[in-house]
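Single-letter residue listing:
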Amino acid sequence: MPKMKSNRGAAKRFTPTGSGKFKCGHSHLRHILTKKTAKRKRHLRGTTTLAAVDTPAVRRMLPYS
């Protein structure tokens, strides 16, 4: 049986943590930044944890996790 292929788009966006959750970046920080407040842009920096309802879908796309 061949190896399972991971979804390359998902592999670039999500990183599994040791506890089985996934880290991901925030959206809405790429363009049209002039109308967004500095506080809003500041809070979009860094990473966050994926919502629990989305975890099974990402786990299917990344068979190694």
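Everything below is about the structure shown above.
The structure presented is a predicted model; accordingly, all values stated were derived computationally and were not measured.

Novice: When you look at the overall build of the chain in this model, what are you seeing that I'm missing?
Specialist: When you go through the chain residue by residue, the secondary structure sums to three helices and three strands. Going from the N terminus to the C terminus, the chain shows its helices and strands as α-β-β-α-β-α. Principal-axis analysis of the C-alpha atoms gives the chain an extent of 50 × 25 × 15 Å. When burial is assessed residue by residue, the chain has 17% of its 65 residues classed as buried. Across the chain, the fraction of contacts at a sequence separation of at least 24, relative to all contacts at a separation of at least 6, is 54%. Counting only carbon and sulfur atoms, one obtains 55% of the accessible surface of the chain, whose full area is about 5500 Å².

Novice: When you look at the side chain of Lys-36 in this model, what are you seeing that I'm missing?
Specialist: Mapped onto the fold, Lys-36 is located in the loop between strand 2 (22-25) and helix 2 (38-43). Among buried charged residues, Lys-36 stands out as having no salt bridge; its nearest opposite-charge side chain is Asp-54, 19 Å away. One polar contact links the side chain of Lys-36 to the main-chain carbonyl oxygen of His-31, over a distance of 3.3 Å. The residues contacting Lys-36, other than those within four sequence positions of it, are His-28, His-31 and Lys-41.

Novice: Looking at this model, I keep getting lost on the sheet that holds strand 2. Mind explaining?
Specialist: Hydrogen bonds between backbone atoms are what pair the strands of a sheet, whose relative direction is either parallel or antiparallel. The three strands are arranged 1-2-3 in an open sheet whose pairing can be described as antiparallel. Edge positions in the sheet fall to strand 1 (14-16) and strand 3 (47-49), since each of these pairs with one other strand and no more. Strand after strand, the sheet turns through a mean of 35° between neighbouring axes, direction not considered. Direction of pairing for strand 2 relative to strand 3: antiparallel, over a ladder of three bridges.

Quick notes on the rules
- Residues numbered from 1 in each chain as written.
- Predicted model: local features only at pLDDT ≥ 70, side-chain atom pairs only at ≥ 80, totals over all residues.
- Heavy atoms only, no water.
- Helix = DSSP H or I, 4+ residues; strand = E, 2+ residues; numbered from the N terminus.
- Buried < 20%, exposed > 50% of the residue type's maximum accessible area, 1.4 Å probe, protein only.
- Contact = heavy atoms within 4.5 Å.
- Areas by Shrake-Rupley, 256 points an atom, 1.4 Å probe, with all protein chains shown as cover.
- Lys, Arg positive; Asp, Glu negative; His and termini not counted.
- Salt bridge = Lys/Arg side-chain N within 4 Å of Asp/Glu carboxyl O.
- Polar contact = N/O pair within 3.5 Å; in protein donor to acceptor, adjacent residues only side chain to side chain.
- Pairing = 2+ DSSP bridges.
- Axes fitted to C-alpha atoms, helices over the stretch in contact; angles between N-to-C directions.

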